[in-house]
Amino acid sequence: TLAPASAQTNQTTQAAPDKAGHHQHRKFDPAARARMTEGRIAYVKTVLGITPAQEQAFNSLADAMRANAKERMAAFEQWRANRDKPKNAVERLEMRAEIGKLRVAGAERVLTAFKPLYASLTPDQQKIADHMFAGHFHRGGMHGGHHRG
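Residues numbered from 1 in each chain as written. Predicted model: local features only at pLDDT ≥ 70, side-chain atom pairs only at ≥ 80, totals over all residues. Heavy atoms only, no water.

(A) Highlighting the overall build of the protein. Within the protein, the secondary structure is distributed over six helices and zero strands. Going residue by residue from the N terminus, the α and β elements of the protein occur as α-α-α-α-α-α. Expressed as a percentage of its 149 residues, the buried residues of the protein come to 22%. Look at the contacts in the protein between residues 6 or more apart in sequence, and 70% of them connect residues 24 or more apart. Counting every atom, the protein has about 10800 Å² of accessible surface; 58% of that belongs to carbon and sulfur. (Helix = DSSP H or I, 4+ residues; strand = E, 2+ residues; numbered from the N terminus. Buried < 20%, exposed > 50% of the residue type's maximum accessible area, 1.4 Å probe, protein only. Contact = heavy atoms within 4.5 Å. Areas by Shrake-Rupley, 256 points an atom, 1.4 Å probe, with all protein chains shown as cover.)

Printed below as a string of structure tokens:
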């Protein structure tokens with residue numbers, strides 16, 4: 001019974017194309033995005049079982065996650081503001097390159113903050129962290145957002 005209800009919900013939330021043929025997307029809500037980032041941070045802290053002694057190193061990671069989210073939101077707003085402007089092949093490739101640079105910078109920021117935290121973790125906590133980064137978690141959970149493209 002859940003599958004039909006969720007399928008119906010998905011169908012009703014998809015918007016029809018506008019006059020230019022573009023699909024309308026859900027309204028961007030920076031406050032909701034910030035709550036998602038804070039939820040992700042709380043999740044990582046809870047799952048890793050961060051102790052008071054590890055708090056300072058964890059806070060550096062949390063700050064890196066917040067900075068990445070803020071940077072992504074700013075870039076998204078910029079791209080969104082220009083989405084109706086026709087793009088040629090060069091402009092599209094430039095945008096992909098910008099997205100790639102943003103991802104690399106974000107990954108380096110998280111790595112720099114994560115190394116001291118990882119060093120402070122117990123072997124059991126390290127195993128949990130290893131598991132977090134072994135699968136899908138690092139793509140959607142740590143850095144936020146699922147990229148399809």
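Still to come is the rest of the account.
(B) Examining the packing of helix 2 (residues 30-48) against helix 3 (residues 55-81) more closely. Two numbers describe how helix 2 lies on helix 3: the axes approach to 10 Å, and their chain directions differ by 155 degrees. The angle between the axes of helix 2 and helix 3 places the two elements in the roughly antiparallel class. Judged by the sense of rotation from one axis to the other, the crossing of helix 2 with helix 3 is right-handed. Within the contact between the two elements, helix 2 uses Pro30, Arg33, Thr37, Glu38, Arg40, Ile41, Val44 and Lys45 and helix 3 uses Glu55, Phe58, Leu61, Ala62, Met65, Arg66, Ala69 and Met73. A class-by-class count of the residues in the contact of helix 2 with helix 3 yields nine nonpolar, one polar and six charged. (Axes fitted to C-alpha atoms, helices over the stretch in contact; angles between N-to-C directions. Parallel < 35°, antiparallel > 145°, perpendicular 65-115°, else oblique. Left-handed = near helix turned anticlockwise from the far one by under 90°. Nonpolar A, V, L, I, M, F, W, Y, C, P; charged D, E, K, R; others polar.)

(C) Main features of the confidence of the model for the protein. For the protein, mean pLDDT is 79; residues scoring 70 or higher make up 71% of the total. Per-element confidence in the protein ranges from a low mean pLDDT of 37 for helix 1 (residues 2-13) to a high of 94 for helix 5 (residues 123-134). When the criterion is pLDDT under 50, residues 1-16 qualifies, and its contacts beyond four places in sequence or with other chains add up to five contacts. (pLDDT = per-residue confidence, 0-100.)

(D) Seen up close, helix 4 (residues 89-120). Between its first and last C-alpha atoms helix 4 spans 47 Å; for 32 residues at 1.5 Å apiece the expected length is 46 Å, and the two agree. Roughly 35 degrees is the biggest bend found in helix 4, and it falls at phenylalanine 114, with proline proline 116 one to four residues downstream. Capping the start of helix 4, asparagine 88 holds a side-chain oxygen 2.9 Å from the backbone nitrogen of valine 90, two or three residues further along. (Expected span 1.5 Å × (residues − 1). Bend = angle between axes of the 7 residues up to and from the residue. Polar contact = N/O pair within 3.5 Å; in protein donor to acceptor, adjacent residues only side chain to side chain.)

(E) Representation of the packing of helix 4 against helix 5 within the structure. As a packed pair, helix 4 and helix 5 sit with axes 9 Å apart at the nearest point and diverge in direction by 145 degrees. Where helix 4 abuts helix 5, its residues Phe114, Tyr118 and Ala119 lie against Gln126, Ala129, Asp130 and Phe133. A class-by-class count of the residues in the contact of helix 4 with helix 5 yields five nonpolar, one polar and one charged.

(F) Structural view of the packing of aromatic side chains. Across all of its chains, the model carries two aromatic pairs by this definition. Relative to tyrosine 118, the ring of phenylalanine 114 lies with its centre 5.7 Å away and its plane at 45 degrees, an arrangement referred to as tilted. Of this pair, phenylalanine 114 and tyrosine 118 both sit in helix 4, separated by four residues, roughly a single helical turn. Judged by its relative accessible area of 11%, phenylalanine 114 falls in the buried class. A relative accessible area of 26% places tyrosine 118 in the partly exposed class. Aromatic ring contacts, followed pair by pair, group Phe114, Tyr118 and Phe133 into a single cluster. (Phe/Tyr/Trp six-rings, centres within 6.5 Å; stacked < 30°, edge-to-face > 60°.)

(G) The arrangement of the nonpolar core in detail. By size, the foremost hydrophobic cluster in this structure holds 17 residues, and its most contacted members are Val44, Leu48, Ile50, Phe58, Leu61 and Leu117. Broken down by element, the residue count for this core peaks at six residues, all from helix 3. Leucine 48 has contacts with Leu117, Gln125, Ile128, Ala129 and Met132, leaving out every residue within four places of it along the chain. (Core = buried A, V, L, I, M, F, W, Y, C linked by side-chain atoms within 4.5 Å.)

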